[in-house]
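So the chains spell out like this:
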Amino acid sequence: MTDDRQDKEKVLQLPEEMRDVPREVRNVLQPSPLGPESRLKFRCHKGVSCFNACCSHIDIVLTPYDMIRLRQRLGITPEAFLYEFAEPSTLTKGQLPVALLAMDKQTGRCPFNTPEGCSVYEDRPVTCRYYPIGMALMHRQEASRNEEFFVLIKEDYCKGHEEPKEWSVAEWRADQGADLYDAENREWFDIIVKRRSAGDMVKSSLPLSEFFYMASTNPDEMRRFVFQSSFLKRYTVDEATVAAIREDDAALTRFAFRWMSSAMFGEEGAVAVRPEAVQEARERRAAKAHAAALERVARAERGEADAYPPVDEEDEEERQG
Ligand code: SF4
Ligand code: SF4
């Protein structure tokens, strides 16, 4: 069988949401999807001959909670973190902007990798926690929650697969602390999955990409937007939430994605527009239409030829039959 044919067959065996990963990544994914109770043999420790081999030349998408934990550990601002440790990228499907963990330009190694292992181990990103498992989410219209899929990643150099220790996927996730990260990132994942399913169907006056990147990477900027603009006049936000998002970056981040979900995908109940703000917006639109109508009449009375919008003659003939 040719390489191309083998590759196509492999793509079809993967969960749909994992089919658009680059070919070199696909090559190390085991085709059968795993569920929470699927079993794997794996252990990583300092004694393996490949120790540290996996911490270089990798694309690690930083989730919002990854960055919150890393910033807290390093004691630096969001701007300093982005400058020193991140580089911008875009998710293939859905075209949303994300931050990747920047590898060292000279060595290609992760900046947190040391001869003794990971220097930020307790706060390492969720991708590092999951390894050697890859996780994808899929949104079904009829389901209230996204469905999770897992695949085993098997790279030749990784000797952890030869260790006898056995786990279920659920046990591995809990052991690595990935559950907490998934819970904190749920709203972020939700937007990615919905955007991927809806594609260009999403029409909104909200510049999703800018807000998505701001909320993902920079809670200081997001907080300025919420508290220093007319945001709290426009949206109903209860007092407990206002108090939480004023102080707590994780609460603010979850809130920001819930707001985007309401604004972009019309989800009710997440962050509602105040009734008076809706009425004000209607009145503003009516006033604008009224002013435009008066302007058109005035221009027509002055004999201006383009006072009214042009009518396509063919369409008009068709309409009149
Ligand atoms: S390559 Fe595998 S076993 Fe080796 S250090 Fe990395 S995760 Fe552990
Ligand atoms: S953050 Fe830690 S575990 Fe993840 S790639 Fe860097 S050194 Fe390795």
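Predicted, not measured: the structure shown is a model, and the values here were computed from it.

Notes on the overall build of the chain
- Counting its regular elements, the chain contains 15 helices and nine strands.
- Counting only residues that meet the buried cut, the chain has 21% of its 321 residues in that class.
- The long-range share in the chain, meaning contacts at least 24 apart out of those at least 6 apart in sequence, stands at 69%.

Description of the nonpolar core
- Within the largest apolar cluster, 16 residues are counted, with the highest numbers of intra-cluster contacts made by Ile 191, Ala 256, Phe 257 and Met 260.
- Of all the elements in the fold, those that place two or more residues in this core are helix H8 (186-198), helix H9 (208-217), helix H10 (219-228) and helix H13 (249-265).
- Of the residues forming this core, the biggest block, six residues, is contributed by H13.
- Split by domain, this core shows at least three residues from each of two domains, domain 1 (3-192) and domain 2 (203-265).

A few points about unusual backbone geometry
- The omega angle of the peptide bond from Tyr 131 to Pro 132 is 15°, so this bond is cis rather than trans.
- When you line up the elements, Pro 132 lands in the loop between helix H5 (126-130) and strand S7 (133-138).
- With a phi angle near 80°, Asn 52 is a residue other than glycine that sits in the positive phi range.
- Residue placement: Asn 52 occurs in the loop between strand S1 (39-41) and strand S2 (61-62).
- Judged by C-beta crowding, with 16 C-beta atoms within 10 Å, Asn 52 ranks as partly exposed.
- Even without a glycine there, the phi angle at His 57 is positive, about 50°.
- Take His 57: it is sitting in the loop between S1 and S2.

Here's the deal with the site of ligand 2
- The full set of residues close to ligand 2 is Cys 55, Cys 110, Phe 112, Asn 113, Cys 118, Val 120, Arg 124, Pro 125 and Cys 128.
- For the shell around ligand 2, the per-class residue count stands at seven nonpolar, one polar and one charged.

Focus on the confidence of the model for the chain
- On average, the chain scores 84 in pLDDT, and the residues at 70 or more come to 79%.
- Here helix H15 (residues 313-320) stands out as the least confident element of the chain, with mean pLDDT 54; helix H3 (residues 64-74) is the most confident, with 98.

Topic: the pairing of strand S4 (residues 97-101)
- Bridging between S2 and S4 involves two bridges; their strand directions are antiparallel. Following the sheet pairing, Leu 62 is matched in S4 by Ala 99.
- In this structure, strand S3 (residues 86-90) lies alongside S4, joined through five bridges in antiparallel fashion. Counterpart to Thr 90 in the pairing with S4 is Pro 97.

A word on the packing of H10 against H13
- The geometry of H10 relative to H13 is characterised by a closest axis approach of 10 Å and an angle of 65° between their N-to-C directions. When you trace H10 past H13, the crossing you get is left-handed. Residues Pro 219, Met 222 and Arg 223 of H10 lie in contact with H13, whose contacting residues are Asp 249, Leu 252, Thr 253 and Ala 256.

Topic: the sheet that holds S3
- With antiparallel pairing, the three strands of this open sheet are ordered in space as S2-S4-S3. Two strands lie at the open edges of the sheet, namely S2 and S3, each paired on one side alone.

Describing H8
- Helix length check: H8 (13 residues) gives 18 Å between terminal C-alpha atoms against 18 Å at 1.5 Å per residue, within 8%.
- Buried within H8 are the following residues: Trp 188, Asp 190, Ile 191, Ile 192, Val 193 and Arg 195.

A look at the environment of Gly 108
- Structurally, Gly 108 is set in the loop between S4 and strand S5 (113-114).
- Under the C-beta neighbour-count criterion, Gly 108 is labelled exposed, with 11 such atoms within 10 Å.
- Taking the C-alpha atoms as reference, Gly 108 lies 5.1 Å from His 57; in sequence the two are 51 residues apart.

Topic: the environment of Thr 77
- Along the chain, Thr 77 turns up in the loop between H3 and helix H4 (78-85).
- Accessibility expressed as a C-beta count within 10 Å gives 12 for Thr 77, which makes it exposed.

Some words on the packing of H8 against H13
- Two numbers describe how H8 lies on H13: the axes approach to 8 Å, and their chain directions differ by 25°. Here H8 lies roughly parallel to H13, going by the angle between them. Relative to H13, H8 is oriented so that their crossing is left-handed. The segment H8 lies against H13, with Glu 187, Trp 188, Asp 190, Ile 191 and Lys 194 engaging Arg 254, Phe 257, Arg 258, Met 260, Ser 261 and Phe 265.
- When the residues that make up the contact of H8 with H13 are grouped by side-chain class, the tally is five nonpolar, one polar and five charged.

Thresholds applied
- Residues numbered from 1 in each chain as written.
- Chains lettered and ligands numbered in written order.
- Predicted model: local features only at pLDDT ≥ 70, side-chain atom pairs only at ≥ 80, totals over all residues.
- Helix = DSSP H or I, 4+ residues; strand = E, 2+ residues; numbered from the N terminus.
- Buried ≥ 20, exposed ≤ 12 C-beta atoms within 10 Å, placed from the backbone.
- Contact = placed C-beta atoms within 7 Å.
- Core = buried A, V, L, I, M, F, W, Y, C linked by C-beta atoms within 7 Å.
- Domains from an automatic or database assignment.
- Near = placed C-beta within 6 Å.
- Nonpolar A, V, L, I, M, F, W, Y, C, P; charged D, E, K, R; others polar.
- pLDDT = per-residue confidence, 0-100.
- Pairing = 2+ DSSP bridges.
- Axes fitted to C-alpha atoms, helices over the stretch in contact; angles between N-to-C directions.
- Left-handed = near helix turned anticlockwise from the far one by under 90°.
- Expected span 1.5 Å × (residues − 1).
- Parallel < 35°, antiparallel > 145°, perpendicular 65-115°, else oblique.

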